[in-house]
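This is what each chain is made of:
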Amino acid sequence: QVQLVESGGGLVQPGGSLRLSCAASGRFLSINVMGWYRQVPGKQRELVADITNSGSTNYADSVKGRFTISRDNAKNTVYLQMNSLKPEDTAVYYCNANARTSWYLSGDYWGQGTQVTVSS
């Protein structure tokens, strides 16, 4: 099992920056992909960015050039640097990890979410 704890959310003015962090802990053999999703009320959760264990990244078109996803040296913490924030970025941001917990089992795990609000 994997526990994911997010931090770094908050209130910021348009054009500002925030850095989200997500630390993974628990019992697992490896984590293939870690990423960030976001969700606003009444809408489906959407992928913001993710990163594989080999360093390959994927971004939503709406955040390309503004957001950067990265991992730390331990490969169990993922960061999302968010620059040039827009009101449209306001959402609850969720950390996600696809982890292998045994030789036969893997699955997706989610953090509890952290609120990001971009407002003047």
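Structure: above.
Before going further, it helps to examine the nonpolar core. Among the nonpolar cores identified, the biggest contains 30 residues, and L4, M34, W36, L80, M82 and Y93 are the most heavily contacted of them. Mapped onto this core, the elements with two or more residues apiece are β1 (2-7), β3 (18-26), β4 (30-39), β5 (46-52), β7 (67-71), β8 (77-82), β9 (91-100) and β11 (114-118). The biggest single contributor to this core is β9, with five residues. Leaving out residues up to four positions away in the same chain, Y93 has contacts with E6, L20, W36, Y37, R38, V48, F67, L80, M82, G113, T114 and V116.

Tallying each qualifying case throughout the model produces four salt bridges. Close ionic contact of D89 with R38 constitutes a salt bridge, the shortest N to O distance being 3.0 Å. Within this pair, whereas D89 is found in the loop between β8 and β9, its partner R38 is found in strand β4, the two being separated by 51 residues in sequence. Like R38, D89 is buried. Here D61 makes a salt bridge to K64, at a shortest N to O gap of 3.1 Å. Each member of the pair D61 and K64 is classed as exposed.

For β8, the tally of buried residues reaches five of six residues, placing the bulk of the element in the interior. Where β3 and β8 come together, six bridges link them in antiparallel fashion. If you follow L20 over to β8, its bridge partner there is L80. In this structure, β7 lies alongside β8, joined through five bridges in antiparallel fashion. Along β8, the bridge assignment pairs S70 with Y79.

A regular strand places its side chains so that they alternate between the two faces of the sheet. Among the ten residues that make up β9, seven are buried, leaving the element largely enclosed by the rest of the structure. In this structure, β4 lies alongside β9, joined through nine bridges in antiparallel fashion. Looking across to β9, one finds that M34 is bridged to A97. When β9 meets β11, the two strands line up antiparallel, connected through three bridges. Note that in β11 the partner of V92 across the bridge is Q115. Relative to strand β10 (residues 106-110), β9 runs antiparallel, the two sharing five bridges. What sits directly across from A97, in β10, is Y109.

Criteria and thresholds
Residues numbered from 1 in each chain as written. Predicted model: local features only at pLDDT ≥ 70, side-chain atom pairs only at ≥ 80, totals over all residues. Heavy atoms only, no water. Core = buried A, V, L, I, M, F, W, Y, C linked by side-chain atoms within 4.5 Å. Buried < 20%, exposed > 50% of the residue type's maximum accessible area, 1.4 Å probe, protein only. Helix = DSSP H or I, 4+ residues; strand = E, 2+ residues; numbered from the N terminus. Contact = heavy atoms within 4.5 Å. Salt bridge = Lys/Arg side-chain N within 4 Å of Asp/Glu carboxyl O. Pairing = 2+ DSSP bridges.

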